[in-house]
Each structure stands twice: as C-alpha cells, then as structure tokens.
Amino acid sequence: MKLVYERSKAGRRAATLPRPDLPVPDVPTDLARGRAARLPEISEPELVRHFSALASRTFGIDTGFYPLGSCTMKHNPRVNERVVNLPGFRDLHPLQEEDGAQGALELMWRLQEILAEVAGLPAVSLQPAAGSQGEVTGLMLMRAYFADRGEERRKVIVADTAHGTNPASVTMAGYELQKVATDARGNIDVANLRDLVDGETAGLMLTNPSTLGLFDENIQEVAKIFHDAGALLYYDGANLNAVCGVSRPGDMGFDIVHFNLHKTFSQPHGGGGPGGGPIAVRERLEPFLPVPAVVQDGDRYRLDYDRPKTIGKVRGFCGPFGVFVRSYAYIRAYGPELREMSEAAVLNANYLLARLRDAYDLPFDRLCMHEFVLSARRLKREHGITALDVAKRLMDYGFHPPTIYFPLIVAEALMIEPTETETKETLDAFADAMLEIARDAADRPDVLREAPHQRPVRRVDEVKAAKRAVVRYGFEDHPDLSAEPSSARQLEAQKGA
Amino acid sequence: MSQLSLTDRDREEMLAAIGVGSVDELFRDVPEGVRFHGRLDLEPALSEPELVAHLEELAARNVHTGDELSFLGAGVYDHYVPAVVDYVLSRGELLTAYTPYQPEMSQGVLQAIFEYQTAICELTGMDVSNASGYDGTTVAADACYMAKHITGRGKVVLAESVNPQVRQVVKTYAPGFGLDVVEVPHRGGVTDPNALADAAREAACVIFQQPNFFGCLEPAPDLAAAANDIGALAVAHVDPLSLGVLEAPGEYGCALAIGEGQPAGNYQSYGGPHYGFIASRAEHVRRMPGRIVGETTDEDGERAYVLTLQTREQHIRREKATSNITTNQTLLALGGLAYLSWLGPQGLREVGETCMALAAYAKERLGLPLLFPEQATFKEFAVRVGRPAEDVIATAREHGVHPGYALKRDYSGVEDALLVCVTEKRSTADIDRLAEVLSA
Amino acid sequence: MAATETYPDDLLYNEEHDWARVEGDEAVLGITWFAQDALGELVHFEPPQEGADVQKGSSYGEVESVKAVSELIAPLSGTVVAVNQRIVDEPETVNSDPYGDGWLIRIRLSDAGEAEQLLDGEAYKRFVAEQ
C-alpha cells in the first residue's frame, strides 16, 4: 500500500486552525526555517482511510490469539480506555498545583499501595517508564545504597536465561556483568552461583518464574547466598503474571522489584509501547528512590521532593500517568481476587503444554507456570523445519506466533504464553494447529517453508533491510528496492535537499 | 473478577488433561517458604459501573485545562489534539499490538513507524529517527550515551537554559555511563557561545534547547558551531511545533536532534505517557538506541517493512547494546504521526505563527516587565510580577486562571518570575482575561 | 551462493573460529566456514583502523548477520596494514568465499612465535566436529 507521503498532493490539508488577526513577529533570519518539512498534504477522509488500512494490516490482541511468550498479551478491558480519557485525567497539566491534582495524586498513591502489597515490599516509585527503565533504576538504587554504606561493589549477576535488557541495564548502570548458568531442572545453578558471589557482588537480577516458565525451586537458597554476602536481589517482573497473590517477590527474598504494567496489569502495548515500570523496594532502599514521591498527608496527597539521598529523576514528572489510570482500573476490577488471574494464566499454560508435549520437544519437563518453552529441534533434525517455519505457518491459522529463538539456551525455542484471557476453545484451536503443523513437517514441509500464505506480505527479506538500510521515505529520490541491491553499503536515507 | 474466560467445566477438563487434581497443585514447584497464604489486602473488586463511578470521582478532583484558563507550559503544552488522533489511537489493532517482531503480522504498524521516522527526520533535518524514546528527558540521556561511545570522551555539557527535568535525568544517568556533567549558565536568558565553547573542551556532546526553557530563542547555529569546533556532538532539544517557523537542527550543524513529542499530538495526561524523539545524522545510525523500522521487500518482491539493524539492540547485543530500551512509546508516536499528517507543512507553520502572534500580543497586553527583554521568544516568555510568583498564581487561580509556572522552582534569584505559555488554543479574549486577573 | 565446508591445510586456526594465513612477517585474517555458517548471511563488518594494534585472543572488530553479532578474535598479534574494503561494502563475500575474497584484515606480525599455539587444519576440523 502507499505511504502517507505518496498520498500527498500540494495544496491539500486536513487541519483547520484558529488564525487570530494579529501580526506575526519576525523570527531572526539566521534562526528562521528554510525549507519546510515535507509532511503529508492530505485531506481528512484520505487520512482516516490511510490509518484504517494500516490498522487492518496489523494484528493485535483485539484481533486474535497472541501467545507471545514473556510479553503477556492479555485482553485490555475497554472500560480502561473510557476512564483514561476522562478530561480530569487526560487534560491535566503535570505542573498543576497540588490542590488541583488531588484526584491524580490519590490515584497514584493508591496504585503504590496496591503494588507494595502485591510485591510484598513497602515502598514504591511509579516513575520508570518501562521494565527496562525499572531495571536501570533498580541498579542505580543498588549503587546509591552501597555508596551510602561506603562500599564499592562492581559486579551484578544475571541468569543465562535472562532477557537481553538485564545485561544491557547492568552496563548502562556502570556495573560489570557476570552470568550464572541454568541447571538441568531449569533452576539457577546454585553451585555456579556460590563460585561467583563475593564481596564485590552488588546483586542478582532474576526473573521468577524464569523465561523458561519455571519457578526457581531454590529461590530461598539463592536469596540467602546474596544476603549473606551483603548483596541485593532484583526481581524482573516480566513474568509476574504467574504469581500474583501466589508468591510475593518480597517474600521470595527480593529487595527491588519492577512491574511491567503493560504486561501484568493490561496497559495496551500500542505496537511497542507505552509501558510502565514501577519499582517496589525494601525499607532500607526507600531513601534512594526517585523524586518526587507521592505521599499521603492526612486526607491530602502531595509530591515530596525532600529526599536527600535520592538518585534523582529517571523520567519527566511522575511517570506515565495514563498507564497508571489503566492499571489501577484493571486491578480494582479484580480486587483481592487477583490470584484468580494468575491461577487462570497458569492453568491455561499447563493445559496447552499438556496438549503439545508429545509433538514437540520439552527441554525441561516440569509443570510450567504462566508460559512454557518447547523446542522444534526434532522437526529441524528430521524434516528441516525450524521454529521460524512453525511460527510463520501459525499465521495462516489466524494466530500470532509465539516468541521464537528465546531463551537462548534452548535450540529452536518456541515460547508460548496464552494468558488468562483465552477460552478453552481458543487453546484447543491453537493446539490443533500446532499438532497439524508438526504432522505437516513430515508430510508436506514445503507448505511450512513457504508460509505464511495468507498475510498481506510473504516472508520479509531482513538481510536486504539490514544491508542497505532505508529507514525513512526519500521522496523523489526514494530507492526502488525491488531492483538488485547496489554494492555500496550505505545508508540510503536521503537528507532533505 | 467474574468475567474470567474459563467455566468450571473447562477447568475440570483441563486439570484432567494436565493430570493434576487441582489448580493449587499446578503451583507445587513454589517452595512452601515463599508461598503467600493470605488474601491480598486490597479493596473489594468493583463492577464496571462502580469502577467508572470511582474513577470519575477521582478525575473530578483534578482541575484540568478545560476547567481553568491555563497559561501553564514549561515542558508540557495544551495544544489542540485533533479528533483524527483519537481515531487512530482507538483502533484496536494498533492499540493492542505488541512490538512488531513478526513482520508479516504487523505490516501496518511497521509502515506507520516508518512514516513516523520520516516525519521526525523531515522536522529535524536528520537522516535517521528511531521508533521513539520514553519522553523528552530520557532521550537526552540516550544522546549522552551515544555521544560517549561515538567520541570516547568522558563529560557532557548542558546549557542551564535546558528544561530542568531534562538536566536532572541526565545527571541521574551520567554516573552509570561514566560521564561528568557540566552546566553552562545562561546570560540574559540565552547561552553564550563562547562560554559554551570553553565548557565543551573534551566534551562528548553539548545539549542546548531551542526554544529554551525560558521560551527564548538561543543562537542555535552559533552554539552548534561552538560544539563542532572542538569535536563535541551538537545536540539540539527542540519543540516539534516550533519547527514550522524555526530552522531544523540538521541545517545548522547538529549531530543529533531530540525532544518531547507531546506538543505534537498527545494530551497532557499529567505528564505521560508521551513520546520522546531522537534523530541523528546517518553516520551515527549504528549507535542509535531502540527500534528502527526499515523498508525491504518480501519473497515476491513486494514492498514491506521490518525492524532492522537489530544487532544494536539488547536482545542481540545484550551487555554491549546501544541501550536497554525495549518497550518504547510507539502508540503516542503514531498519535504524533497522525497529528503531523493532519497539520501538513502549512498547518505546522500556521500553528507556530499563531503561537508567536498570541504570545507577542500577551507580552504587550500584560504590560509586565520581561525577565529577558533582549530576547526573541516563541510561545513562552517570562515576566516579573513584582510579588512572589506563587502568590500571584494562587490569586489568579481563585479567578479560574492558571497564569503560568514559577521559575523559582528551578532557578535562584527569580522569586517574582512567571513563565507564561500561550498556545493556539488561547484567544485574545483569554489573554485579556489573564491581563485583567494579573493586574488585579 | 554458499561455499562448501572446507578447512584448508595451509591456514592456522583458533577455537573462536578465526583463521590466519602467515605470509612472511605478515598474516591475513578471516573467519572460518563454520563461523560464517553459524552466523548466516553477513550484513555488516566493523573493521579496525589501519595502523591499529591487534592482540592475540582479543577482539579486533565485529561481523554481523541480521540476528547475531560475532566478535573477531585475533589469532595472532600485530599491526593492521590493510582492511578488506570489499567486505565493508559486500560482507556476504565472506559467506561465498571465506578463505579467498572473504579475508578481513592483513597484519604485520609482532610475535611470529605465536603461530605455534594455533591449530592446524586437521586439529581444527576435529575441534569443529565436537561442536
């Protein structure tokens, strides 16, 4: 389909704007715009049709089953969209005086209290914009905590099953990375851990359940190893959907936790974001939390900047407030029965696992939590069919594929997370498709290798995209990619002429 | 919550298929010592009508910019958000898609991000934009991390006239990056290029804001030149809505352009979620943080879009990644794309001109001494109100007018300074009302 | 056009799947068939500067495919005297001809004795078979 820029025609426009009858001051010549930005010139009906077409070429959880492992693609209740658009939330300026923002402050305070209860930890900052930012914030808290004690610790340990964000956050926070291995049951290798932890260790970053969908059976021992060494434990909340009200990170021994509000608490993911990455911490880390803190003062709520030991700010204002509204509404709809959400998620995952375990390899044969990891290595060995082929073929059945090739320690990994959203009928339809694909791998592998057959495009050439990166429309100079790639490896993005 | 997807009978059948007797048994790997046996101490569940009533009650205790005549800016702005933006953001497919890892499922959102990247490049005069950063503060930290790796240098320079929150976020991240932060005081409301040049020796980058936090127009080309002369990357933090009337950073020598996207297509939303943007010259593409969409073809040679240059990112390069960012602000960025498409080049210019014209009218009409009388401004300007600014704000609000931001919250020696913002949503009558209230 | 699997006898190898062809007091470096096969089609080569020192056992650059990055671990120490510009422009040449046109850099050796610590073709073949 056409790009919005290709629908553009000089002289068209959608916007109507106020034009007061006032003189426009001159901009100093050397600061004034030269060439205008080539934004689209398009009528509103065409603009609406353009975005409708883009939407129809996009698959969301609203469209169908989206078992993308570790991403917790659950239904986003419509009522949350209604309440987030109340003018009192939507049109509230972040620098409004506190007496004019009591509703917003109370909502944030209440959300903090809820998250503290779910984490089993007393102090919360809502500020981080996403899980990754929660991670780096947590690591900065570690640094501040040790600095305050006059200690310099330089190492942070991360599991080899970790999301890539964990090691990337370690580096960004100025720490040195150490990796701990996974044992044969899918738990952290405790013996390996004992070798790694010493007085230089600031902490551990861990997802529990892990990215294998397995609860670490030795978590108490792991926590003890770190606490005995004076180090801290960081809980990556990416998989919290498994254990809300079942096991609290604070009770597991974690000192810092981040939540992914866009996973566990249903902020719609918007094709990549927004998210929310609040963190909860133990008392001894509270003085270092970002400012401002949202505090209750009698029957009033206010922002507290008076935190002398704070690490500072990691994001503007108080964080992604609209995300807080949605997640707060989501949790209030469950109330104390939040555990039912996790129970259903875990039941759905185990049911799917039970239906698929014979047709695919299961590298760690245990009951799973909210997700599980299969391997397509047998299909690859016997029929040359890869996890990628399985994923692409699932599209033809109207399902979004699972996460593939992650975690890295499982060859040909298929990481499946159904969430509590799905009905048994949906799970059965998906399982039937997966089983048929496994049979087709033997009987008619070409159908799999050439999949998808029923999407707006066929398999996309990622090599070409990386070799000659065209990352913006080039207008009259826009390259025709269907031609043979040029030999010069250069960015084709055309600078405005 | 009663709207769960499984019936009792479903549960029985599923447990039987799994081979366990109860849901509790599914959690047998959770050690007894870490199980939570209580009931979460949360308030009772609310039905949908009760939930709406509760949130309406909370929302009603906020004073929003429809309740109060607002001249509050200072980083988040009450610009008009057109209905077409609401439409785009409410399309369920775009609203509820994940990051487009599987391009065949996500051509629409991929193309939209490509179009957004193009719009940002066009606004800023740059070659490459990512799919968005968290907000206008964190992209400044991103720029510093890029600059550190590009130049190998160990400090960054911030103009003091950059939004205080942006500077605070940079200072929070800098120790982890191994960077020192140096701030350059403003002189009469803008940054002196010579002072900047002195500070920027051995700096990885220099960040200035155009228009700056006081609303003043910086001598941006001179600041960029000062940075370039000593091998520091020039980074302009720009208001996207100014770029119909103000020059693109790429045209005056900047290596990076960053900013807060909120003025272009996002509601104020008490500070977020919004989108930060970051765009660079082509040579820095491999140090860019976050998602980037590229154009390619499918097996039939049809045009298609895909996440590209992913070896920069955390899921592949892990501890050596250009950033840890994963979730970004795509939905808000698409709001920005819809808004900028609605405006078009002419509309962008008109919005900027209208803001400037109204701000000039307001300066005149208020008749208050300007804090920085020498400087040209865009949509914000600082006045001296002759009394503590917070008192003036309190009095004006009693009359239903929010007159602006007290600069003393961030700067010393400006007890009576009020930063007034005028967007295209304010009329001359609104400004007359502000003048009336301030002179009372 | 992928090359077929070979490990020539006139080359020396390290266990990080890099090869060296010693030519007098210089050596040509590249990556093995096994390495390029594991990575898939290369899309980027991040070379060192000419004149830079490379240290045996340390990274001197990177090659990338769409989904993977691999550091280039120098099998021998020396100073970079040439970078294969063709690989900068057409990195896929490494896939089609890993030991010929797909060479990466040429170095002037700083310690010719290091060559004795590397694997010969037969030893490397055995090493690869265990992977």
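Reading the values: the criteria
- Residues take numbers from 1 onward in each chain, read along the sequence in its written order.
- Labels are handed out in written order, letters beginning with A for the chains and numbers beginning with 1 for the ligands.
- Only residues with pLDDT of at least 70 get local features here, since the model is predicted, and only at 80 or more are side-chain atom pairs given and counted; chain-wide, interface and lining totals rely on the full set of residues.
- Put simply, DSSP H or I for four residues or longer makes a helix, DSSP E for two residues or longer makes a strand, and each gets a number counted from the N terminus.
- It is the C-beta atoms, placed from the backbone, that decide contacts: two residues are in contact if theirs lie within 7 Å.
- Throughout, radius of gyration means the C-alpha value; the globule benchmark is 2.2 Å times the number of residues raised to the power 0.38.
- Each residue is classed by its C-beta neighbour count within 10 Å, where at least 20 other C-beta atoms makes it buried, 12 or fewer makes it exposed, and intermediate counts make it partly exposed; the C-beta atoms are placed from backbone geometry.
- In short, DSSP must find at least two bridges between two strands for them to pair.
- Here an angle of 0 to 180 degrees is reported between the N-to-C directions of two axes, which are lines fitted to C-alpha atoms, with helices fitted over the stretch in contact.
- Confidence scores labelled pLDDT are given residue by residue by the predictor and lie between 0 and 100.
- Each angle gets one of four labels, with under 35 degrees taken as roughly parallel, over 145 as roughly antiparallel, 65 to 115 as roughly perpendicular, and the rest as oblique.
- Less than a right angle of anticlockwise turn of the near helix away from the far helix marks a crossing as left-handed, whereas a clockwise turn marks it as right-handed.
- Residues were grouped as follows: Ala, Val, Leu, Ile, Met, Phe, Trp, Tyr, Cys and Pro as nonpolar; Asp, Glu, Lys and Arg as charged; and all remaining residues, including Gly, as polar.
- What a helix is expected to span follows from its residue count: subtract one and scale by 1.5 Å.

Visitor: Tell me about the overall build of chain B, and name the residues and values.
Guide: The secondary structure content of chain B amounts to 13 helices and 14 strands. Dimensions of chain B along its principal axes, counting C-alpha atoms only, are 80 × 50 × 50 Å. For chain B, contacts bridging at least 24 residues in sequence account for 72% of all contacts bridging at least 6.

Visitor: A description of the overall build of chain A should follow, citing residues and the corresponding values.
Guide: If you tally the helices and strands in chain A, you get 16 helices and 12 strands. On C-alpha atoms alone, chain A measures out to a radius of gyration of 25 Å, which is about the 23 Å that the 2.2 N^0.38 rule sets for 497 residues. Each principal axis of the C-alpha distribution contributes one length, and for chain A these read about 70 × 70 × 45 Å. Expressed as a percentage of its 497 residues, the buried residues of chain A come to 60%. The contacts in chain A between residues at least 6 apart in sequence include a share of 69% that link residues at least 24 apart.

Visitor: Before we move on, can you summarise the interface of chain A and chain B with the specific residues and values?
Guide: Contacts between chain A and chain B engage 177 residues on the former and 175 residues on the latter. If one sorts the elements of the side of chain A that touches chain B by residue count, helix α11 (residues 338–356) of chain A sits on top with 10 residues.

Visitor: Outline the sheet that holds strand β4 (residues 44–46) of chain C, listing residues and values.
Guide: Residues and elements named next belong to chain C. If you trace the three strands from one edge of the open sheet to the other, you get β4-β6-β7, paired in antiparallel fashion. Strands at the two margins of the open sheet, each flanked by one partner only, are β4 and β7 (69–73). Ignoring strand direction, the axes of neighbouring strands in this sheet form an average angle of 20°. Note that β4 and strand β6 (residues 59–64) share three bridges and pair antiparallel.

Visitor: Report on the pairing of strand β9 (residues 105–109) of chain C, specifying residues and quantitative values.
Guide: For a regular strand, side chains alternate in direction, first toward one face of the sheet and then toward the other. Residue and element names in this part refer to chain C. Of the two faces of β9, the one holding I105, I107 and L109 is buried and the one holding R106 and R108 is not buried anywhere. In this structure, strand β8 (residues 78–83) lies alongside β9, joined through five bridges in antiparallel fashion. When the sheet's bridge partners are listed, V80 is paired in β9 with I107.

Visitor: Could you give an account of unusual backbone geometry, naming the residues involved and the relevant values?
Guide: The phi torsion of most residues other than glycine is negative, and most of the peptide bonds are trans. In the segment running from F406 of chain A into P407 of chain A, the intervening peptide bond is cis, with an omega of 0°. The step from A451 of chain A to P452 of chain A runs through a cis peptide bond, and the omega angle for that step is 0°. One can find P452 of chain A in the loop between α15 (445–449) and α16 (462–467). A positive phi is found at E412 of chain A, a non-glycine position, where the angle reads about 50°. Looking at the secondary structure, you find E412 of chain A in the loop between β11 (403–404) and β12 (413–416). The phi torsion at R318 of chain B lies on the positive side, around 50°, for a residue other than glycine. Inspection of the secondary structure assignment puts R318 of chain B in the loop between α10 (314–317) and α11 (330–366).

Visitor: Residue-level account of the sheet that holds strand β2 (residues 18–23) of chain C, with values.
Guide: All names here are of chain C. If you walk across this open sheet you meet the six strands as β1-β2-β3-β9-β8-β5, and the pairing is antiparallel. Across the chains shown, the open sheet's two edge strands, defined by having one partner strand only, are β1 (12–13) and β5 (53–54). With two bridges connecting them, β5 and β8 associate as antiparallel partners. Bridge pairing links V54 to G78 in β8.

Visitor: Help me get a handle on the confidence of the model for chain A, residues and values and all.
Guide: Detailed reading of predicted coordinates is not advised where the pLDDT is low. Residues and elements named next belong to chain A. On average, chain A scores 95 in pLDDT, and the residues at 70 or more come to 97%. Below pLDDT 50 for its whole length, residues 485–490 participates in 11 contacts with residues either more than four positions away or in separate chains. This stretch, residues 493–497, has a pLDDT under 50; its non-local contacts, to residues over four places away or in other chains, come to 13 contacts.

Visitor: Can you lay out the environment of K467 of chain A for me, pointing to particular residues and giving the numbers?
Guide: Residue and element names in this part refer to chain A. Considering the arrangement of structural elements, one finds K467 in helix α16. Judged by the 23 C-beta atoms lying within 10 Å of it, K467 falls in the buried class. Along the backbone, K467 and D183 are 284 residues apart, and their C-alpha atoms lie at a distance of 39 Å.

Visitor: Now, about the environment of F127 of chain C: what can you tell me, with residues and values included?
Guide: Residue and element names in this part refer to chain C. Inspection of the secondary structure puts F127 in helix α4 (residues 121–129). With 16 C-beta atoms counted inside 10 Å, the residue F127 sits in the partly exposed group. Along the sequence, F127 and E15 sit 112 residues apart, while their C-alpha atoms lie 7.6 Å from each other. Sequence-distant contacts of F127, defined by excluding residues within four places in its chain, comprise E15 and L119.

Visitor: Before we move on, could you go through the packing of α11 of chain A against helix α1 (residues 8–18) of chain B and cite the residues and values that matter?
Guide: Contact pair α11 of chain A / α1 of chain B: the axes reach a minimum separation of 9 Å and the direction vectors enclose 50°. Taken together, α11 of chain A and α1 of chain B sit at an angle that is classed as oblique. In this structure, the crossing between α11 of chain A and α1 of chain B has a hand that is left-handed. Contact with α11 of chain A, carried on its side by L347, N350, Y351, A354 and R355 of chain A, involves R11, M14, A17 and I18 of chain B of α1 of chain B and no other residues of that element. Taken together, the residues of the contact of α11 of chain A with α1 of chain B break down into six nonpolar, one polar and two charged.

Visitor: Please give an account of helix α13 (residues 428–439) of chain B that cites residues and values.
Guide: Taking 1.5 Å as the rise per residue, α13 of chain B with 12 residues should run 16 Å; its terminal C-alpha atoms sit 16 Å apart, in good agreement. As for α13 of chain B, its buried residues are in contact with α11, α12 (389–398) and β12 (401–402) of chain B.

Visitor: Account for the environment of L72 of chain B, naming residues and giving values.
Guide: Note that L72 of chain B resides in the loop between β1 (69–70) and α3 (83–90). With 308 residues separating them along the chain, L72 of chain B and E380 of chain B place their C-alpha atoms 9.3 Å apart. Those residues within four positions of L72 of chain B in sequence are excluded, and the remaining contacts are H93 and L95 of chain A together with H402, G404, Y405 and C421 of chain B.

Visitor: I'd love a proper account of helix α6 (residues 165–172) of chain A, names of residues and values included.
Guide: Residue and element names in this part refer to chain A. Taking burial as the measure, the eight residues of α6 include eight buried ones, the bulk of the element. Inspection of α6 places T165, N166, P167, A168, S169, V170, T171 and M172 among the buried residues, and these make up the whole buried set. Once α6 finishes, G174 follows within two positions and takes phi at roughly 85°, a positive value.

Visitor: Account for the pairing of strand β6 (residues 256–259) of chain A, naming residues and giving values.
Guide: Residues and elements named next belong to chain A. Side chains I256 and H258 of β6 all project onto a buried face; the interleaved residues V257 and F259 project onto the opposite face, where all are buried too. Relative to β6, strand β5 (residues 232–237) is paired through four bridges, and the arrangement is parallel. Paired with D236 across the two strands is H258, which belongs to β6. Bridge count for β6 against strand β7 (residues 279–281) is three bridges, and the pairing is antiparallel. From the neighbouring strand, I256 faces β7, where its bridge partner is V281.

Visitor: Give a detailed account of the packing of α11 of chain A against helix α14 (residues 424–443) of chain A, specifying residues and quantitative values.
Guide: Residue and element names in this part refer to chain A. Between α11 and α14, whose axes approach to 10 Å, the crossing angle comes to 30°. Relative to α14, the element α11 is oriented roughly parallel. Considering the relative orientation of α11 and α14, their crossing is right-handed. Contacts from N348, Y351, L352, R355 and L356 of α11 reach α14 at L427, F430, A431 and M434. For the contact of α11 with α14, the residue count by class is seven nonpolar, one polar and one charged.

Visitor: Kindly report on the confidence of the model for chain B, identifying the contributing residues and their values.
Guide: Looking at chain B, pLDDT values average 97 and 99% of them are 70 or higher. Prediction confidence for the complex, expressed as pTM and ipTM, is 0.96 and 0.98 respectively.

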